[in-house]
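# Observations on the model geometry
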Amino acid sequence: MRFPGFRFPRVALDAEVKTRLDRLEIPFNEFGVDPYGASKEHLGPFLHTMKFFFRRYFSVESHGIENVPAHGRAMLVGNHSGGIAIDGAMVFASQFFEMNPPRLAQGMAEKFLNKLPFTSQMASRLGQLPGLPEHAERLLADDRLLLVFPEGVKGTAKLFKDRYSLTRFGTGFMRLAMKMNTPIVPFAFLGGGEALPTIKNAYALGRRMGLPYIPVTPWGLLLPIPAKLEIYYSTPMRFAGNGSEDDEVVFGYVDEVKTRISELIELGYKRRRGEA
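Residues numbered from 1 in each chain as written. Predicted model: local features only at pLDDT ≥ 70, side-chain atom pairs only at ≥ 80, totals over all residues. Heavy atoms only, no water.

Here we take up the environment of V11. Tracing the sequence through the fold places V11 in the segment before α1 (15-23). The class of V11 is partly exposed, set by a relative accessible area of 40%. Beyond its immediate stretch of four places on either side in the chain, V11 contacts P45 and H48. (Helix = DSSP H or I, 4+ residues; strand = E, 2+ residues; numbered from the N terminus. Buried < 20%, exposed > 50% of the residue type's maximum accessible area, 1.4 Å probe, protein only. Contact = heavy atoms within 4.5 Å.)

Spelled out as structure tokens, the structure:
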């Protein structure tokens, strides 16, 4: 099956990518497309490229990957680090290259992406869906792995000096996890702020381009340098309820997850400084 519009350049996939793509526990049809639109034709070249960045350019280290369930529904919940989606791409790669069997981490794309040429289709072909609650609920009902960044766009807009901080978390992910009886695996992503240090955000320019902002780096370009990236996965957390609890209860649970992520960030920060 051929798709109009966006297409990755044809590349000869290496053996690891081909093997792992075939091992994904996803119900691809005879055309290599799953019920949500994810396509092997697109995933293959993307992951082929991500392997270079994951293994060589950023030399990503994952700690605690064994905490991610190998099967069934789960929610990866973490912090944003870096002015663009380096964090999401590397967590995506981590689940594909380091999990056995490999897993497809599926996230909720920011709504502004739907307004940009080809980006909505590209995200869909890679298994990433528009950020609507019904999409997330369907994915979990189908025992998928959901990737969530509760800080949203404000998290990616952090300046270099705030790279190890956390902004306000939304509560939607918690209500969803409770409703769908889904374990939450908190994770911390470190190094994005070093790979793409943001000294300021050009909000006016971003709005003219249909984006929330444009990160400005010391060298002016949105080209990340090969900084060391790390991902720390925590043990799963479960929260009882059906998702309709009072805000006070849900806020308390959200704070527990946020605290766990903050602790992981602190651990990673100390290790990077040689203090642990």
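Moving on: the packing of aromatic side chains. To describe a pair of aromatic rings, one takes the distance between the centres and the angle between the planes. For the structure on display, the rule yields 14 aromatic pairs. With 5.6 Å between their ring centres and 75° between their planes, F46 and F92 make a pair best called edge-to-face. On the criterion of sequence distance, the pair formed by F46 in helix α2 (residues 40-57) and F92 in helix α3 (residues 86-98) is long-range, its members being 46 residues apart. Accessibility expressed as a relative area gives 5% for F92, which makes it buried. Note on F53 and Y57: the rings are 5.4 Å apart at their centroids and 70° apart in plane angle, and the pair reads as edge-to-face. Residue F53 and its partner Y57 are located together in helix α2, separated by four residues, close to a single helical turn. On the basis of relative accessible area, Y57 is assigned to the partly exposed category, the value being 25%. An aromatic cluster of at least three residues, connected via ring pairs, comprises F52, F53, Y57 and F58. (Phe/Tyr/Trp six-rings, centres within 6.5 Å; stacked < 30°, edge-to-face > 60°.)

Together, W219, L221, L223 and I225 make up a nonpolar patch on the protein surface, roughly 380 Å² of accessible area in all. Tracing the backbone shows W219 in the loop between β8 (214-216) and β9 (230-233). Given the relative accessible area of 36%, W219 is considered partly exposed. (Patch = residues over 30% accessible without salt bridge, like charges linked within 9 Å, V, L, I, M, F, W, Y side chains within 5 Å. Areas by Shrake-Rupley, 256 points an atom, 1.4 Å probe, with all protein chains shown as cover. Salt bridge = Lys/Arg side-chain N within 4 Å of Asp/Glu carboxyl O.)

Once that is clear, we can look at the pairing of strand β6 (residues 184-190). Of all seven residues in β6, seven are buried, a share of seventy percent or more. Taking every second residue as pointing to the same face, both faces of β6 are buried, with I184, P186, A188 and L190 on one and V185, F187 and F189 on the other. As judged from the four bridges shared by strand β2 (residues 74-78) and β6, these two strands associate in the parallel manner. Of the residues in β6, the one forming a bridge with G78 is F187. As judged from the four bridges shared by β6 and β9, these two strands associate in the antiparallel manner. From the neighbouring strand, A188 faces β9, where its bridge partner is Y232. (Pairing = 2+ DSSP bridges.)

Spatial strand order, β1-β9-β6-β2-β5-β3-β4: seven strands in an open sheet with mixed pairing. Looking at which strands have only one partner, the edges of the open sheet turn out to be β1 (61-63) and β4 (129-130). Pairing of β1 with β9, which is carried by three bridges, proceeds in the parallel orientation. Each residue of the ladder has a partner; that of E61, found in β9, is E230. With respect to the sheet, α3 is in contact with β1, β2, β3 (105-109), β5 (145-148), β6 and β9, its orientation differing from that of β9 by roughly 65°. (Axes fitted to C-alpha atoms, helices over the stretch in contact; angles between N-to-C directions.)

Looking now at the environment of M209. Structurally, M209 is set in the loop between α9 (203-208) and β8. C-alpha of M209 to C-alpha of L129: the two residues are 80 residues apart in sequence and 22 Å apart in space.

Here we come to the packing of α1 against α3. At a minimum axis separation of 9 Å, α1 and α3 run at an interaxial angle of 85°. The pairing of α1 with α3 is recorded here as roughly perpendicular in orientation. Taken together, the residues of α3 that come into contact with α1 (itself represented by E16, V17, R20 and L21) are F96, F97 and E98. Considered class by class, the residues forming the contact of α1 with α3 number four nonpolar, no polar and three charged. (Parallel < 35°, antiparallel > 145°, perpendicular 65-115°, else oblique. Nonpolar A, V, L, I, M, F, W, Y, C, P; charged D, E, K, R; others polar.)

In this fold, T156 is placed in helix α6 (residues 153-156). One polar contact links T156 to Y213, side chain to side chain, over a distance of 2.4 Å. With near-sequence residues (within four places) excluded, T156 lies in contact with H80, G82, G83 and Y213. (Polar contact = N/O pair within 3.5 Å; in protein donor to acceptor, adjacent residues only side chain to side chain.)

Glancing now at the nonpolar core. Ranked by size, the top nonpolar core spans 41 residues in total, and within it L43, L47, L76, M90, F187 and Y233 carry the most contacts. Elements with a contribution of two residues or more to this core: α1, α2, β2, α3, β5, β6 and β9. Top element by residues in this core is α3. It accounts for eight residues. The next biggest cluster of nonpolar side chains, apart from the first, holds 29 residues, and it includes L129, L139, M237 and I265. (Core = buried A, V, L, I, M, F, W, Y, C linked by side-chain atoms within 4.5 Å.)

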